[in-house]
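Next come the chains, spelled out residue by residue.
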Amino acid sequence: MTVTISNNSFTTTLQDLIKYPSSGILSKVLLKDNNSQYSLFCLAKNTEIEEHTSTRNAVITVIEGKGNLELEEKDIALAPGVFVFMPANAPHALQARENLAFTLALSEHLPVKKKVSQKTIDIVKSTAPVIKQHGQTITSRMYEIMFASHPEVKSQFDMSAQANGTQPAKLATAVYAYAIHIDDLGALKEAVNKIAHRHVATHVLPEQYPIVGECLLQAIKDVLGDAATDDVMTAWTEAYQALAEIFINREQEIYQTI
Ligand code: HEM
(Lines give C-alpha, C1' and ligand atoms only; values in the text may rest on other atoms or scores of the structure.)
Protein backbone atom coordinates (compact mmCIF):
# COMPACT_ATOMS: atom_id res chain seq x y z
CA MET A 1 0.00 0.00 0.00
CA THR A 2 1.38 3.43 -0.93
CA VAL A 3 1.54 5.98 1.86
CA THR A 4 0.91 9.60 0.93
CA ILE A 5 3.48 11.87 2.57
CA SER A 6 1.92 13.79 5.42
CA ASN A 7 3.08 15.24 8.70
CA ASN A 8 3.18 11.73 10.12
CA SER A 9 6.44 9.84 10.12
CA PHE A 10 6.69 6.54 8.28
CA THR A 11 8.96 3.59 8.79
CA THR A 12 9.34 0.14 7.26
CA THR A 13 11.96 -2.59 7.03
CA LEU A 14 13.06 -2.90 3.44
CA GLN A 15 14.46 -6.44 3.80
CA ASP A 16 10.96 -7.66 4.67
CA LEU A 17 9.50 -6.10 1.52
CA ILE A 18 12.03 -7.49 -0.98
CA LYS A 19 10.39 -10.06 -3.23
CA TYR A 20 11.92 -11.04 -6.60
CA PRO A 21 9.78 -11.98 -9.57
CA SER A 22 10.88 -15.04 -11.59
CA SER A 23 11.78 -12.58 -14.34
CA GLY A 24 11.56 -8.82 -14.83
CA ILE A 25 10.82 -6.17 -12.24
CA LEU A 26 8.64 -5.92 -9.18
CA SER A 27 8.34 -2.35 -7.94
CA LYS A 28 6.45 -0.93 -5.02
CA VAL A 29 5.81 2.73 -4.24
CA LEU A 30 6.52 3.17 -0.53
CA LEU A 31 5.74 6.85 -0.12
CA LYS A 32 4.71 9.72 -2.37
CA ASP A 33 3.42 13.25 -2.65
CA ASN A 34 3.33 15.85 -5.44
CA ASN A 35 7.06 16.51 -5.27
CA SER A 36 8.65 13.19 -4.44
CA GLN A 37 8.21 9.46 -4.66
CA TYR A 38 10.12 6.67 -2.88
CA SER A 39 9.94 3.17 -4.34
CA LEU A 40 11.49 -0.24 -3.83
CA PHE A 41 12.64 -2.00 -6.98
CA CYS A 42 13.33 -5.76 -7.08
CA LEU A 43 14.86 -6.97 -10.35
CA ALA A 44 15.27 -10.65 -11.18
CA LYS A 45 18.77 -11.71 -12.29
CA ASN A 46 19.55 -10.68 -15.90
CA THR A 47 16.75 -8.09 -16.10
CA GLU A 48 17.64 -5.10 -18.25
CA ILE A 49 16.07 -1.63 -18.25
CA GLU A 50 16.79 0.07 -21.54
CA GLU A 51 18.18 3.58 -21.78
CA HIS A 52 15.65 6.24 -20.78
CA THR A 53 15.44 9.60 -19.03
CA SER A 54 13.34 11.01 -16.21
CA THR A 55 12.15 14.59 -15.81
CA ARG A 56 12.80 14.28 -12.08
CA ASN A 57 16.03 14.00 -10.08
CA ALA A 58 16.55 10.44 -8.92
CA VAL A 59 18.60 8.68 -6.25
CA ILE A 60 19.30 4.95 -6.29
CA THR A 61 20.43 3.26 -3.06
CA VAL A 62 21.32 -0.41 -3.51
CA ILE A 63 20.17 -2.77 -0.76
CA GLU A 64 21.35 -6.15 -2.09
CA GLY A 65 22.58 -7.85 -5.24
CA LYS A 66 24.81 -6.73 -8.10
CA GLY A 67 24.26 -4.92 -11.33
CA ASN A 68 25.44 -2.21 -13.67
CA LEU A 69 24.09 1.29 -14.16
CA GLU A 70 25.04 3.16 -17.28
CA LEU A 71 24.63 6.84 -16.47
CA GLU A 72 25.53 9.51 -19.00
CA GLU A 73 27.67 6.90 -20.84
CA LYS A 74 29.62 5.87 -17.71
CA ASP A 75 29.36 2.46 -16.06
CA ILE A 76 28.66 2.36 -12.35
CA ALA A 77 28.90 -0.99 -10.53
CA LEU A 78 25.86 -1.52 -8.37
CA ALA A 79 26.47 -3.34 -5.09
CA PRO A 80 25.02 -3.12 -1.59
CA GLY A 81 25.40 0.38 -0.14
CA VAL A 82 26.06 2.13 -3.47
CA PHE A 83 24.26 5.48 -3.65
CA VAL A 84 23.85 7.19 -7.04
CA PHE A 85 22.34 10.61 -7.78
CA MET A 86 20.97 10.93 -11.32
CA PRO A 87 20.09 14.48 -12.36
CA ALA A 88 16.83 15.06 -14.20
CA ASN A 89 17.02 14.28 -17.93
CA ALA A 90 20.26 12.26 -17.65
CA PRO A 91 20.07 9.17 -19.90
CA HIS A 92 20.51 5.93 -17.95
CA ALA A 93 20.17 2.17 -18.41
CA LEU A 94 20.44 -0.70 -15.93
CA GLN A 95 21.25 -4.41 -15.89
CA ALA A 96 20.83 -6.77 -12.92
CA ARG A 97 23.72 -9.29 -12.80
CA GLU A 98 22.14 -11.00 -9.78
CA ASN A 99 18.78 -10.51 -8.12
CA LEU A 100 19.02 -6.81 -7.33
CA ALA A 101 17.05 -4.67 -4.88
CA PHE A 102 17.32 -0.90 -4.55
CA THR A 103 15.29 2.08 -3.49
CA LEU A 104 14.58 4.83 -5.98
CA ALA A 105 13.82 8.34 -4.69
CA LEU A 106 12.39 10.72 -7.27
CA SER A 107 12.16 14.41 -6.52
CA GLU A 108 10.79 17.30 -8.54
CA HIS A 109 13.41 19.15 -10.52
CA LEU A 110 12.33 22.78 -10.18
CA PRO A 111 13.79 25.46 -12.43
CA VAL A 112 16.15 27.68 -10.46
CA LYS A 113 15.07 30.81 -12.24
CA LYS A 114 11.93 31.64 -14.11
CA LYS A 115 12.87 32.73 -17.59
CA VAL A 116 10.85 35.55 -19.03
CA SER A 117 9.54 35.04 -22.55
CA GLN A 118 11.01 36.89 -25.52
CA LYS A 119 7.63 38.57 -26.01
CA THR A 120 7.79 39.96 -22.47
CA ILE A 121 11.37 41.13 -22.99
CA ASP A 122 10.37 42.96 -26.19
CA ILE A 123 7.31 44.60 -24.65
CA VAL A 124 9.07 45.62 -21.43
CA LYS A 125 11.96 47.13 -23.39
CA SER A 126 9.52 49.01 -25.63
CA THR A 127 7.98 50.60 -22.52
CA ALA A 128 11.37 51.84 -21.20
CA PRO A 129 10.96 55.38 -22.61
CA VAL A 130 7.55 55.89 -20.97
CA ILE A 131 8.83 54.34 -17.75
CA LYS A 132 11.69 56.85 -17.85
CA GLN A 133 9.34 59.76 -18.55
CA HIS A 134 6.72 58.86 -15.94
CA GLY A 135 8.86 56.80 -13.54
CA GLN A 136 8.57 58.93 -10.46
CA THR A 137 4.85 59.58 -10.99
CA ILE A 138 4.34 55.81 -11.20
CA THR A 139 6.40 54.99 -8.10
CA SER A 140 4.87 57.83 -6.05
CA ARG A 141 1.45 56.49 -7.01
CA MET A 142 2.61 52.97 -6.11
CA TYR A 143 3.60 54.02 -2.58
CA GLU A 144 0.34 55.96 -2.24
CA ILE A 145 -1.66 52.81 -3.13
CA MET A 146 0.48 50.57 -0.93
CA PHE A 147 0.40 52.73 2.19
CA ALA A 148 -3.39 53.07 1.86
CA SER A 149 -4.06 49.36 1.22
CA HIS A 150 -1.28 47.92 3.45
CA PRO A 151 -0.57 50.50 6.16
CA GLU A 152 1.32 47.85 8.17
CA VAL A 153 4.35 48.19 5.81
CA LYS A 154 4.74 51.90 6.61
CA SER A 155 6.87 51.19 9.68
CA GLN A 156 9.60 49.65 7.47
CA PHE A 157 10.02 52.87 5.48
CA ASP A 158 11.71 56.14 6.23
CA MET A 159 8.70 58.39 5.68
CA SER A 160 10.83 61.52 5.19
CA ALA A 161 12.39 59.82 2.13
CA GLN A 162 8.84 59.36 0.88
CA ALA A 163 7.88 62.97 1.54
CA ASN A 164 10.94 64.45 -0.19
CA GLY A 165 10.62 62.00 -3.09
CA THR A 166 14.03 60.31 -2.76
CA GLN A 167 12.64 56.80 -2.24
CA PRO A 168 10.13 57.02 -5.16
CA ALA A 169 13.03 58.36 -7.28
CA LYS A 170 15.26 55.42 -6.31
CA LEU A 171 12.53 52.92 -7.11
CA ALA A 172 11.84 54.63 -10.45
CA THR A 173 15.54 54.42 -11.34
CA ALA A 174 15.57 50.71 -10.44
CA VAL A 175 12.44 49.93 -12.48
CA TYR A 176 13.79 51.82 -15.49
CA ALA A 177 17.18 50.07 -15.24
CA TYR A 178 15.36 46.74 -15.17
CA ALA A 179 13.31 47.69 -18.24
CA ILE A 180 16.47 48.36 -20.23
CA HIS A 181 18.51 45.44 -18.90
CA ILE A 182 15.82 42.75 -18.65
CA ASP A 183 17.80 40.64 -21.13
CA ASP A 184 21.19 41.52 -19.60
CA LEU A 185 20.70 40.99 -15.89
CA GLY A 186 24.45 40.90 -15.22
CA ALA A 187 24.42 44.67 -15.64
CA LEU A 188 22.06 44.93 -12.63
CA LYS A 189 24.09 42.76 -10.28
CA GLU A 190 25.58 45.56 -8.20
CA ALA A 191 22.31 47.47 -7.99
CA VAL A 192 20.43 44.30 -6.98
CA ASN A 193 23.01 43.59 -4.32
CA LYS A 194 22.78 47.10 -2.86
CA ILE A 195 18.98 47.10 -2.85
CA ALA A 196 18.87 43.57 -1.40
CA HIS A 197 21.10 44.66 1.51
CA ARG A 198 18.81 47.63 2.15
CA HIS A 199 15.81 45.27 2.02
CA VAL A 200 17.39 42.92 4.55
CA ALA A 201 18.23 45.89 6.80
CA THR A 202 14.56 46.92 6.68
CA HIS A 203 13.31 43.30 7.16
CA VAL A 204 11.65 42.90 3.75
CA LEU A 205 10.18 39.40 3.44
CA PRO A 206 9.37 37.24 0.38
CA GLU A 207 5.65 37.35 1.09
CA GLN A 208 5.70 41.15 0.71
CA TYR A 209 6.72 41.00 -2.96
CA PRO A 210 3.19 40.28 -4.25
CA ILE A 211 1.96 43.36 -2.35
CA VAL A 212 4.51 45.67 -3.99
CA GLY A 213 3.87 43.93 -7.32
CA GLU A 214 0.12 44.46 -7.19
CA CYS A 215 0.53 48.12 -6.21
CA LEU A 216 3.22 48.78 -8.82
CA LEU A 217 1.14 47.22 -11.59
CA GLN A 218 -1.91 49.22 -10.52
CA ALA A 219 0.20 52.39 -10.51
CA ILE A 220 1.50 51.65 -14.03
CA LYS A 221 -2.11 51.26 -15.16
CA ASP A 222 -3.26 54.43 -13.42
CA VAL A 223 -0.44 56.57 -14.82
CA LEU A 224 -0.10 55.16 -18.34
CA GLY A 225 -3.86 54.94 -18.93
CA ASP A 226 -4.63 53.69 -22.46
CA ALA A 227 -0.95 52.99 -23.11
CA ALA A 228 -1.17 50.24 -20.45
CA THR A 229 -2.67 47.72 -22.87
CA ASP A 230 -3.41 44.14 -21.82
CA ASP A 231 -0.16 43.03 -23.49
CA VAL A 232 1.84 45.64 -21.58
CA MET A 233 0.24 44.63 -18.28
CA THR A 234 0.80 40.91 -18.92
CA ALA A 235 4.44 41.55 -19.81
CA TRP A 236 5.07 43.69 -16.71
CA THR A 237 3.33 41.11 -14.51
CA GLU A 238 5.70 38.41 -15.75
CA ALA A 239 8.70 40.74 -15.62
CA TYR A 240 7.94 41.83 -12.04
CA GLN A 241 7.66 38.21 -10.87
CA ALA A 242 11.06 37.44 -12.36
CA LEU A 243 12.62 40.50 -10.71
CA ALA A 244 10.97 39.66 -7.38
CA GLU A 245 12.48 36.18 -7.59
CA ILE A 246 15.95 37.65 -8.13
CA PHE A 247 15.60 39.85 -5.02
CA ILE A 248 14.05 37.09 -2.91
CA ASN A 249 16.92 34.70 -3.75
CA ARG A 250 19.63 37.28 -3.08
CA GLU A 251 17.96 38.39 0.16
CA GLN A 252 17.65 34.79 1.31
CA GLU A 253 21.43 34.42 0.86
CA ILE A 254 22.06 37.60 2.86
CA TYR A 255 19.62 36.60 5.64
CA GLN A 256 21.50 33.29 5.96
CA THR A 257 24.79 35.08 6.62
CA ILE A 258 23.54 37.31 9.44
C1 HEM B 1 11.06 44.13 -7.35
C2 HEM B 1 10.62 44.85 -6.37
C3 HEM B 1 11.38 45.94 -5.67
C4 HEM B 1 12.24 46.87 -6.16
C5 HEM B 1 12.68 47.07 -7.60
C6 HEM B 1 12.67 47.66 -5.04
C7 HEM B 1 13.56 48.72 -5.11
C8 HEM B 1 14.08 49.40 -4.04
C9 HEM B 1 15.10 50.43 -4.09
C10 HEM B 1 15.77 50.95 -5.36
C11 HEM B 1 15.36 50.84 -2.83
C12 HEM B 1 16.37 51.90 -2.38
C13 HEM B 1 17.63 51.19 -1.94
C14 HEM B 1 18.72 52.15 -1.46
O15 HEM B 1 18.42 53.04 -0.64
O16 HEM B 1 19.85 51.98 -1.91
C17 HEM B 1 14.47 50.08 -1.97
C18 HEM B 1 14.41 50.24 -0.61
C19 HEM B 1 13.43 49.69 0.16
N20 HEM B 1 12.49 48.80 -0.25
FE21 HEM B 1 12.30 47.97 -2.06
N22 HEM B 1 12.07 47.21 -3.91
C23 HEM B 1 11.27 46.16 -4.26
C24 HEM B 1 10.49 45.42 -3.41
C25 HEM B 1 10.25 45.75 -2.12
C26 HEM B 1 9.33 45.07 -1.26
C27 HEM B 1 8.52 43.83 -1.63
C28 HEM B 1 9.33 45.70 -0.09
C29 HEM B 1 8.48 45.36 1.09
C30 HEM B 1 7.62 46.14 1.64
C31 HEM B 1 10.29 46.77 -0.17
C32 HEM B 1 10.62 47.65 0.83
C33 HEM B 1 11.69 48.50 0.81
C34 HEM B 1 12.13 49.26 1.96
C35 HEM B 1 11.50 49.23 3.34
C36 HEM B 1 13.22 50.01 1.55
C37 HEM B 1 14.00 51.04 2.38
C38 HEM B 1 13.29 52.32 2.16
C39 HEM B 1 13.71 53.42 3.12
O40 HEM B 1 14.88 53.49 3.48
O41 HEM B 1 12.81 54.22 3.45
N42 HEM B 1 10.81 46.78 -1.42
N43 HEM B 1 13.73 49.22 -2.72
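Residues numbered from 1 in each chain as written. Predicted model: local features only at pLDDT ≥ 70, side-chain atom pairs only at ≥ 80, totals over all residues. Heavy atoms only, no water.

(A) Structural context of the overall build of the chain. The helix and strand inventory of the chain stands at eight helices and ten strands. In terms of C-alpha radius of gyration, the chain reaches 26 Å, well past the compact-globule figure of 18 Å for 258 residues. Structurally, the chain occupies a C-alpha span of about 80 × 35 × 30 Å along its principal axes. Buried positions account for 39% of the 258 residues belonging to the chain. Long-range pairs, those at least 24 residues apart, make up 69% of the contacts in the chain with a sequence separation of at least 6. If you sum the accessible surface of the chain, you get close to 15300 Å²; carbon and sulfur atoms cover 53% of it. (Helix = DSSP H or I, 4+ residues; strand = E, 2+ residues; numbered from the N terminus. Rg over C-alpha atoms; globule rule 2.2 N^0.38 Å. Buried < 20%, exposed > 50% of the residue type's maximum accessible area, 1.4 Å probe, protein only. Contact = heavy atoms within 4.5 Å. Areas by Shrake-Rupley, 256 points an atom, 1.4 Å probe, with all protein chains shown as cover.)

(B) Local environment of the confidence of the model for the chain. Taken residue by residue, the chain gives an average pLDDT of 93. The fraction at 70 or more is 96%. When mean pLDDT is compared element by element in the chain, helix α5 (residues 166-181) scores highest at 98, while strand β1 (residues 3-4) scores lowest at 71. (pLDDT = per-residue confidence, 0-100.)

(C) Structural context of the sheet that holds strand β4 (residues 48-52). On the basis of which strands lie adjacent, the open sheet formed by four strands has the order β4-β9-β6-β7 and antiparallel pairing. Edge positions in the sheet fall to β4 and β7 (74-78), since each of these pairs with one other strand and no more. Neighbour-to-neighbour, the strand axes of the sheet open up by a mean angle of 15°, direction not taken into account. Here five bridges tie strand β6 (residues 67-71) to strand β9 (residues 92-96), and the two strands are oriented antiparallel to one another. (Pairing = 2+ DSSP bridges. Axes fitted to C-alpha atoms, helices over the stretch in contact; angles between N-to-C directions.)

(D) Seen up close, the coordination of the iron atom of the ligand. In this structure the iron atom of the ligand is ligated by exactly one protein donor, H199 (NE2), at 2.1 Å. You can see H199 is positioned in helix α6 (residues 189-201). (Donors = N, O, S within 2.8 Å, 3.2 Å for Na, K, Ca; no water.)

(E) Layout of the pattern of salt bridges. Inspection of the entire model under this criterion finds five salt bridges. The partner of K119 in a salt bridge is D231, and the shortest N-O contact between them spans 3.9 Å. Within this pair, whereas K119 is found in helix α2 (residues 118-126), its partner D231 is found in helix α8 (residues 230-257), the two being separated by 112 residues in sequence. Classification of D231 as partly exposed rests on a relative accessible area of 42%. Between D222 and R141 there is a salt bridge whose closest N-O contact spans 2.8 Å. (Salt bridge = Lys/Arg side-chain N within 4 Å of Asp/Glu carboxyl O.)

(F) Up close: the environment of A163. Its location among the elements puts A163 in helix α4 (residues 159-163). Looking at A163, the relative accessible area reads 71%, which means it is exposed. A163 sits 97 residues away from K66 along the chain, and the two C-alpha atoms are 72 Å apart.

(G) Seen up close, the site of the ligand. Within the structure, the ligand sits among 19 residues, and D158, Q167, K170, R198 and H199 are positioned closest to it. Within the contact set of the ligand, an oxygen atom lies 2.8 Å away from a backbone nitrogen or oxygen of D158. Contacts to the ligand include H199, whose side-chain N or O atom sits 2.9 Å from a nitrogen atom. Within the residue set of the shell around the ligand, elements represented by two or more residues are α5, α6, α7 (209-224) and α8. Class assignment for the residues of the shell around the ligand results in ten nonpolar, five polar and four charged. (Near = heavy atom within 4 Å. Polar contact = N/O pair within 3.5 Å; in protein donor to acceptor, adjacent residues only side chain to side chain. Nonpolar A, V, L, I, M, F, W, Y, C, P; charged D, E, K, R; others polar.)

(H) Quick peek at the nonpolar core. Grouped together as the largest cluster of nonpolar side chains are 42 residues, with contacts concentrated most on M146, Y178 and W236. Taken together, the elements giving at least two residues each to this core come down to α2, α3 (128-149), α5, α6, α7 and α8. Considering every element that reaches this core, the biggest residue donor is α8, with eleven residues. Apart from residues lying up to four places away in sequence, Y178 is in contact with L185, L188, W236, A239, A242 and L243. Formed by 18 residues, the second largest nonpolar core is a distinct cluster that contains V62, L78, M86 and A90. (Core = buried A, V, L, I, M, F, W, Y, C linked by side-chain atoms within 4.5 Å.)

(I) The pairing of β6, seen in detail. Most of β6 is tucked away, with four of its five residues classed as buried. Bridging between β6 and β7 involves five bridges; their strand directions are antiparallel. Its bridge partner being in β7, L71 is matched across the sheet by K74. Count of turn residues in the β6/β7 antiparallel hairpin: two residues, of which E72 carries a positive phi of about 45°.

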